[in-house]
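Residue strings, one per chain:
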Protein chains: 2
Amino acid sequence: MPVAPSAVPAKSPPRDSARIYSIAELAREFAITARTIRFYEDEGLIKPRRQGLTRLYSAHDRVRLSWILRGKRLGFSLAEIKELLDLYQVDRTGLQQLRELLRRSRLHITDLERKRRDLDAHITEFREVEAQVAAELKQRGVDPEND
Amino acid sequence: MPVAPSAVPAKSPPRDSARIYSIAELAREFAITARTIRFYEDEGLIKPRRQGLTRLYSAHDRVRLSWILRGKRLGFSLAEIKELLDLYQVDRTGLQQLRELLRRSRLHITDLERKRRDLDAHITEFREVEAQVAAELKQRGVDPEND
DNA sequence: ATTGACGTTTACGTAAACGTCAACTATGAC
DNA sequence: GTCATAGTTGACGTTTACGTAAACGTCAAT
């Protein structure tokens, strides 16, 4: 169901923060399927507004979605991503909750830093492979740049 | 089947590069199960020597295994990891193969660099969460350091 | 009024990455 | 010999992260 463009004359240009996205729109933008987005909702990762049955995604939802996908690219499971997202959302009034939040943030940061070391090592190794192969090609009189 | 510790007297201390590992040993070291290691073998990621049926892992196999696990932590699939490992192994005599190797290396590096940007963004965000929470705790007169 | 584009739910299917037996084998210790 | 320990090969089960299809609703345009 296409979202009805309300017929108010000279509607102010949709400010980015107020824009509303359809599920297909987001699916296109992020190169995933609508099914995937609905699945994330089932798993409690996003909670779009509804107009009847149809889902309406806010700019905030969009950011969340892109955040989720970034997490995926880094190898986090959806469960982990949910936990990470919750870190931003949790109630920060209670003292005990604040300490718990701090603890979990630090745990995650430790994990992230490990990933970073892993990644740096990986990159270094592959840069070396590239350099060696490029050198070998040069020695054989081939320009490694024109593929 | 325990690997027979050959009864040669004063066996030279197992030089690291010559050491042989049992499957259980590697499983313990990397905190995975033997089943997992065998599975990786089924998938063509490692190929240990055999003594009869029993698998014998060399130092080289061990390195490969740790490499695989690092890849996993970074969110690569086993199929991707296999491809990455193959980059080190492929025949580098043919010119066409060299160019292909270069091409694929560069593709992977591009992928890795994207991951790095993702990761850096992630880390930055969580450091900010930590800082904010720590500041809030301080303001309430709590030392964020003693948990 | 029908076609098409887009939306919905429900439900079963599937690929990846192992876990978990079960049933068997080989070796060293007693 | 037999027991404990460590290894082996199937084979089926499980979790995660969606894919795929069915069956239907709704609006705009033809």
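Everything below is about the structure printed above this text.
Described in the following lines is the structure provided in the data block. Just so it is clear, the structure is predicted and the values come from calculations on it, not from any experiment.

1. Observations regarding the relation of the copies chain A and chain B
For the pair of chain copies, the relating operation is a rotation around an axis with a shift along it.
No. 1: In screw terms, the move from chain A to chain B is a rotation of 180° and a rise of 0.0 Å along the axis, fitting with an RMSD of 0.1 Å. Taken together, the turn and the small shift mark the pair as related by a two-fold rotation axis. If distances are taken from each C-alpha of chain A to the rotation axis, the shortest is found for Gly-75 of chain A, at 1.8 Å.
No. 2: Looking at chain A, 100% of its interface residues are interface residues in chain B too, so the copies touch through the same face.

2. Quick word on the sheet that holds strand β2 (residues 49–51) of chain A
Sheet strands associate in pairs through backbone hydrogen bonding, adopting either a parallel or an antiparallel arrangement.
Residues and elements named next belong to chain A.
No. 1: Across the sheet, which stays open at both edges, the three strands sit in the order β1-β3-β2 with antiparallel pairing between neighbours. The sheet is open, and its two borders are formed by β1 (20–21) and β2, each paired with just one other strand.
No. 2: One ladder, built from three bridges, connects β2 with strand β3 (residues 54–58); its direction is antiparallel. Across the sheet, the residue bridging to Arg-50 is Arg-55, located in β3.
No. 3: Set on the sheet, helix α3 (residues 59–73) makes contact with β1, β2 and β3; between it and β3 the angle comes to about 85°.

3. Thoughts on the environment of Ile-23 of chain A
All names here are of chain A.
No. 1: Considering the arrangement of structural elements, one finds Ile-23 in helix α1 (residues 23–30).
No. 2: The buried category is assigned to Ile-23, whose relative accessible area is 15%.
No. 3: Every residue in contact with Ile-23, bar those within four places of it in the chain, is listed here: Ala-34, Ile-37, Arg-38, Arg-55 and Tyr-57.

4. Some words on the packing of aromatic side chains
Aromatic ring pairs are described here by two measures, namely the spacing of the ring centres and the angle between the planes.
No. 1: One pass over the full model with this rule turns up eight aromatic pairs over all chains.
No. 2: Both rings, one in Trp-67 of chain A and one in Tyr-88 of chain A, keep their centres 5.8 Å apart while their planes meet at 85°; by these two values the pair is edge-to-face. Placement of Trp-67 of chain A in helix α3 and of Tyr-88 of chain A in helix α4 (residues 78–89) is noted, with a sequence separation of 21 residues between them.
No. 3: With a relative accessible area of 8%, Trp-67 of chain A lands in the buried category.
No. 4: Here Phe-39 of chain B and Tyr-40 of chain B contribute two aromatic rings whose centre-to-centre distance is 6.4 Å and whose plane-to-plane angle is 55°, an arrangement assigned as tilted.
No. 5: Judged by its relative accessible area of 5%, Tyr-40 of chain B is buried.

Thresholds, definitions, all that
Residues numbered from 1 in each chain as written. Chains lettered and ligands numbered in written order. Predicted model: local features only at pLDDT ≥ 70, side-chain atom pairs only at ≥ 80, totals over all residues. Heavy atoms only, no water. Least-squares fit on C-alpha atoms with pLDDT ≥ 70 in both. Contact = heavy atoms within 4.5 Å. Pairing = 2+ DSSP bridges. Helix = DSSP H or I, 4+ residues; strand = E, 2+ residues; numbered from the N terminus. Axes fitted to C-alpha atoms, helices over the stretch in contact; angles between N-to-C directions. Buried < 20%, exposed > 50% of the residue type's maximum accessible area, 1.4 Å probe, protein only. Phe/Tyr/Trp six-rings, centres within 6.5 Å; stacked < 30°, edge-to-face > 60°.

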